[in-house]
Every structure is written in C-alpha cells, then in structure tokens.
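# Structure at a glance
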Amino acid sequence: DYTYRTKILQSCSRGSGFVPSIYNAIYRSAANGIYDVCVLNNGHGVPAVLPNQTNGIAVDPHSVFISVRCDTTLETTVAEAIAKTISAGCCFHNDTHGTKVEKTVEIDGFSSNIVFYHPTERFVKIVVAVNPSYYTGTNIQSDITNAVNAIIGANTTNATVSKSEFLAKIAATGTAIIPLSVGIFMKDSSDGAWTESEEYIVMPYQYVDIGNVEVVVE
C-alpha cells in the first residue's frame, strides 16, 4: 500500500521543527481516515512561493497553509491536532483553491480558530511505450503499473516528478523491461479532457488517488 507507507514515514517524523510537528500531529490524530497532508510555512514578512516555483503557491506572510485529505467526520480532530502544534502568532493562509474548513476548538481552556483545506482531486494517465523483447516476467501491464504507482503513491500531493524518474523506476523492476518513452496526461475533473504534461505536477491544494490512476502500456 503505497499511500500507507508514506503516511507511516510522515507520522514517524522525529523533527522538532514547526512543519514536521504539524504533520506528525495530524497523522497521529486518527488511526484511519487521514490520507494526505501538506503543510507550507512562510515565516517571512512578504508572500513566498512554496515549496518551489514549479508546484508552489504564494503563501501569505507569517502564515501556514495546511491541506488535509480526510474523512469529513475527522475535521474537528484535525483542527485540534493543528491547534496543539501551531506556533503562537502564526496566521492561516487564505486560499481560493480546495474546500476551506474553519473550526473553533478549545485546547486547555483556550479557544482557537483553525483553518485548513480539503484538496481537490487531480486525475492522471501514464502512457508507457516499451520494448518487451527481453521481458522475463509474466504480466508486463501489472509490473509497469506497480512501478508507476510506487512513484505516484509517494507523491500524491505537493509534488513534481520528471519523466526520467518514471523511466528509471520501470527499468528497475528486475524483469528486463526496456521503457522507451513515458507520456504524462492530467486533468482536474473526471469528465475533463486530458492534457499532456512534461512533468507529473500536483499542487499543494490537490491530490491524486492511486485508485484512479490509469496506466497504459503500448
């Protein structure tokens, strides 16, 4: 389970910094029902594009942007986890992307107004052209799908992945697959039109569901 592996790694963070503490608290707040978390912290007095220029957003000054894909029944639980770990005086980024969640929670007798976002889904299709002449496995579609999903499962939100990374992962399956090319296609709604991309890009306010990723072998 690719996404579960990522969740385990992030919830086991031993970082003492502000951002790792929030990740840790959110993932540990519920045993099930929390799938993706993105935390961006801008400690500067001016807007800053985070985490980078490729898949970043301009986070408000002295603010934190938090995106959580979770069951709606856990919204208060997530808000409480954030309230326990956010630093004093930190504001919440105001965004127009995703679904804004505002909760007032009480921790140790103090009331806190917490803001985070539910991300929107991005749909992905990966088209792989291969030379199967030396293939030693039994199901080339399955082997390639597993290789692609291993990368996507570790990059379901706030991520950029190049075509070369997909090619390298497929070539490393141990079954002598020779990948020739990778095509990346993305769309922001299930009934939208596919748009080809030079990179796999998921913004901080988006997520990719492994179950909806389409892998085509040519």
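These numbers were taken from a predicted model, which means no experiment stands behind them. (Residues numbered from 1 in each chain as written. Predicted model: local features only at pLDDT ≥ 70, side-chain atom pairs only at ≥ 80, totals over all residues. Heavy atoms only, no water.)

## Notes on the state of the cysteines
One pass over the structure, following the stated rule, counts zero disulfides. For Cys90, which is in no disulfide, the shortest distance to another cysteine sulfur is to Cys91 and amounts to 6.6 Å. Accessibility expressed as a relative area gives 17% for Cys90, which makes it buried. A relative accessible area of 42% places Cys91 in the partly exposed class. (Disulfide = S-S within 2.5 Å. Buried < 20%, exposed > 50% of the residue type's maximum accessible area, 1.4 Å probe, protein only.)

## What to know about the sheet that holds strand β11 (residues 178-187)
The pairing of strands in a sheet comes from backbone hydrogen bonds and takes either a parallel or an antiparallel form. Strand order in this open sheet of four strands is β12-β11-β9-β15, and the pairing throughout is mixed. Each edge of the open sheet carries a strand with a single partner, namely β12 (195-197) and β15 (214-217). The average undirected angle you get between the axes of adjacent strands in this sheet is 30°. Bridge count between strand β9 (residues 123-131) and β11: nine bridges; the pairing is antiparallel. (Pairing = 2+ DSSP bridges. Helix = DSSP H or I, 4+ residues; strand = E, 2+ residues; numbered from the N terminus. Axes fitted to C-alpha atoms, helices over the stretch in contact; angles between N-to-C directions.)

## Focus on the environment of Gly33
Structurally, the position occupied by Gly33 is in the loop between α2 (18-28) and β1 (34-42). Judged by relative accessible area, Gly33 falls into the buried class, the value being 6%. The spacing of Gly33 and Arg69 is 36 residues in sequence and 8.5 Å in space, taken between C-alpha atoms. In this structure Gly33 touches Arg69, Cys70, Asp71 and Leu74, once residues within four positions along its chain are discounted. (Contact = heavy atoms within 4.5 Å.)

## Here's the deal with the packing of aromatic side chains
Overall, the coordinates contain two aromatic pairs when judged by the stated rule. Relative to Tyr117, the ring of Phe65 lies with its centre 5.5 Å away and its plane at 25°, an arrangement referred to as stacked. With Phe65 in strand β4 (residues 63-70) and Tyr117 in strand β7 (residues 110-118), this residue pair connects regions lying 52 residues apart in the sequence. Taken individually, Phe65 and Tyr117 each receive the classification buried, so the pair is uniform in this respect. Taken together, a centroid distance of 6.1 Å and an interplanar angle of 75° make the contact between Phe166 and Tyr200 edge-to-face. Residue Phe166 is located in helix α5 (residues 163-171), and its partner Tyr200 is located in strand β13 (residues 199-202); the two are separated by 34 residues in the primary sequence. With respect to burial, Phe166 and Tyr200 carry one shared label: buried. The ring of Phe185 carries Lys125 above its face, with NZ or CZ at 5.5 Å from the centroid. The side chain of Lys187 reaches across the aromatic face of Trp194, ending 4.3 Å from its centre. (Phe/Tyr/Trp six-rings, centres within 6.5 Å; stacked < 30°, edge-to-face > 60°. Lys NZ or Arg CZ within 6 Å of the ring centre and 35° of its normal.)

## Some thoughts on the pattern of salt bridges
Scanning all chains against the criterion turns up four salt bridges. One salt bridge in this structure joins Asp36 and Arg69, with 2.7 Å as the shortest N-O distance. With Asp36 in strand β1 and Arg69 in strand β4, this pair connects stretches of sequence that are 33 residues apart. Between Glu198 and Lys163 there is a salt bridge, with its nearest N and O atoms 3.7 Å apart. Of this pair, Glu198 sits in the loop between β12 and β13 while Lys163 sits in helix α5; the two residues are 35 residues apart in sequence, bridging distant segments of the chain. (Salt bridge = Lys/Arg side-chain N within 4 Å of Asp/Glu carboxyl O.)

## As for a nonpolar patch on the surface
On the surface, Tyr134, Ile178 and Leu180 cluster together to form a nonpolar patch covering roughly 320 Å² of accessible area. Under the relative-accessibility criterion, Leu180 is labelled exposed at 55%. (Patch = residues over 30% accessible without salt bridge, like charges linked within 9 Å, V, L, I, M, F, W, Y side chains within 5 Å. Areas by Shrake-Rupley, 256 points an atom, 1.4 Å probe, with all protein chains shown as cover.)

## A closer look at the nonpolar core
Ranked by internal contacts, the top residues of the largest apolar core, which has 39 residues, are Ile26, Ile34, Val64, Ile66, Val68 and Ile82. Where this core is concerned, the elements lending two or more residues are α2, β1, β2 (48-50), β3 (57-59), β4, α3 (75-85), β6 (99-107) and β7. Ignoring anything within four residues of it in the chain, the contact list for Ile26 reads Ile34, Val37, Ile66, Val68, Val78, Ala81 and Ile82. Judged by nonpolar contacts, the second largest core, of 23 residues, contains Ile144, Ile170, Ile184 and Ile210. (Core = buried A, V, L, I, M, F, W, Y, C linked by side-chain atoms within 4.5 Å.)

These figures capture arrangement, not role.
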